[in-house]
Amino acid sequence: AASSKPAAHSASSSHAASSKPAAHSASVSSGSSHTAETTDAKINAYVRRLRNLQKRSSKKLYQTASSAYSEYMEHPVEERNLALKVSIVLGKTMELTKLQSECDKEFKEIVTELRHYLRENGYDQSIADAAEKEYKEEKDAMIKELTNVTYSQVTGKGEGGKWLEEHADMGQ
């Protein structure tokens, strides 16, 4: 069920300034998960939409995980075990799958619009390529992180719950 968690992205790019749009090139800033501002306001608007999607989706995901943790902690200590964790996570599968589908769909819509704009205005596609690459990488990393928290750190002693609460409050 952990693999059904959505993750969002942030496009990483920089945009070289030039007097002709056709001469613009978008290049990826390696190792960075933040998008540099470009000289094109419309591209910057797409970047902001992608950042907002990332924030909203992450917040919903961590809130769902936090809800699962709270449900786990409501059980007496003697009932808290791996089987209970798995049962609760499986109970959240539909909600998590829906979150992932919504995030994937919105991401695809934004990137499709961005690609169209880039093509129509003579830009290369590297900004959109970087966004797609980072989306996949961050999604995979988030799934791994939450799986680890769910099955390793959430021991019933509060460490996992504190971690989830901190992440669920992000972006507020």
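Everything below is about the structure shown above.
For the structure given in this document, a descriptive report is provided here.

Criteria and thresholds
- Residues numbered from 1 in each chain as written.
- Predicted model: local features only at pLDDT ≥ 70, side-chain atom pairs only at ≥ 80, totals over all residues.
- Heavy atoms only, no water.
- Salt bridge = Lys/Arg side-chain N within 4 Å of Asp/Glu carboxyl O.
- Helix = DSSP H or I, 4+ residues; strand = E, 2+ residues; numbered from the N terminus.
- Buried < 20%, exposed > 50% of the residue type's maximum accessible area, 1.4 Å probe, protein only.
- Phe/Tyr/Trp six-rings, centres within 6.5 Å; stacked < 30°, edge-to-face > 60°.
- Expected span 1.5 Å × (residues − 1).
- Polar contact = N/O pair within 3.5 Å; in protein donor to acceptor, adjacent residues only side chain to side chain.

Here we look at the pattern of salt bridges
As enumerated under the stated definition, the model contains eight salt bridges in all. A salt bridge links Glu-137 to Lys-133, with the shortest nitrogen-to-oxygen separation between them at 3.3 Å. Taken as a pair, Glu-137 and Lys-133 lie in helix H4 (residues 126-153) at a separation of four residues, close to a single helical turn. According to the relative accessible area criterion, Glu-137 is partly exposed, its value standing at 43%. Since its relative accessible area comes to 55%, Lys-133 is described here as exposed. It is possible to trace a salt-bridge network through shared partners that takes in Arg-115, Asp-129 and Glu-132.

Observations concerning the packing of aromatic side chains
Pairs of aromatic rings are described using the distance from one ring centre to the other and the angle between the two planes. Evaluated as defined, the whole model comprises three aromatic pairs. An angle of 45 degrees between the planes, with centres 6.2 Å apart, marks the rings of Tyr-46 and Tyr-117 as tilted. Of the two residues, Tyr-46 is situated in helix H1 (residues 41-73) and Tyr-117 in helix H3 (residues 93-120); the sequence distance between them amounts to 71 residues. Of the two residues, Tyr-46 and Tyr-117, neither departs from the other in class, the shared state being buried. Measuring from centroid to centroid gives 4.0 Å for Phe-107 and Tyr-135, while their planes differ by 10 degrees, and the two rings are stacked. Remark: Tyr-135 occurs in helix H4 and Phe-107 occurs in helix H3; sequence separation between them is 28 residues.

Thoughts on H3
An ideal rise of 1.5 Å per residue puts 40 Å on 28 residues; H3 measures up with 40 Å between its terminal C-alpha atoms. Three or more residues of H3 are buried, namely Leu-96, Leu-99, Gln-100, Cys-103, Phe-107, Ile-110, Val-111, Leu-114, Arg-115, Tyr-117 and Leu-118. Gly-122 sits one or two residues past H3 and shows a positive phi near 75 degrees.

Some points on H1
It helps to recall that an α-helix has 3.6 residues per turn; residues three or four apart then point in one direction. Along its 33 residues, H1 runs 48 Å from first to last C-alpha, staying within 8% of the 48 Å computed at 1.5 Å per residue. The opening residue of H1 is Asp-40, an N-cap whose side-chain oxygen sits 2.9 Å from the backbone nitrogen of Lys-42.

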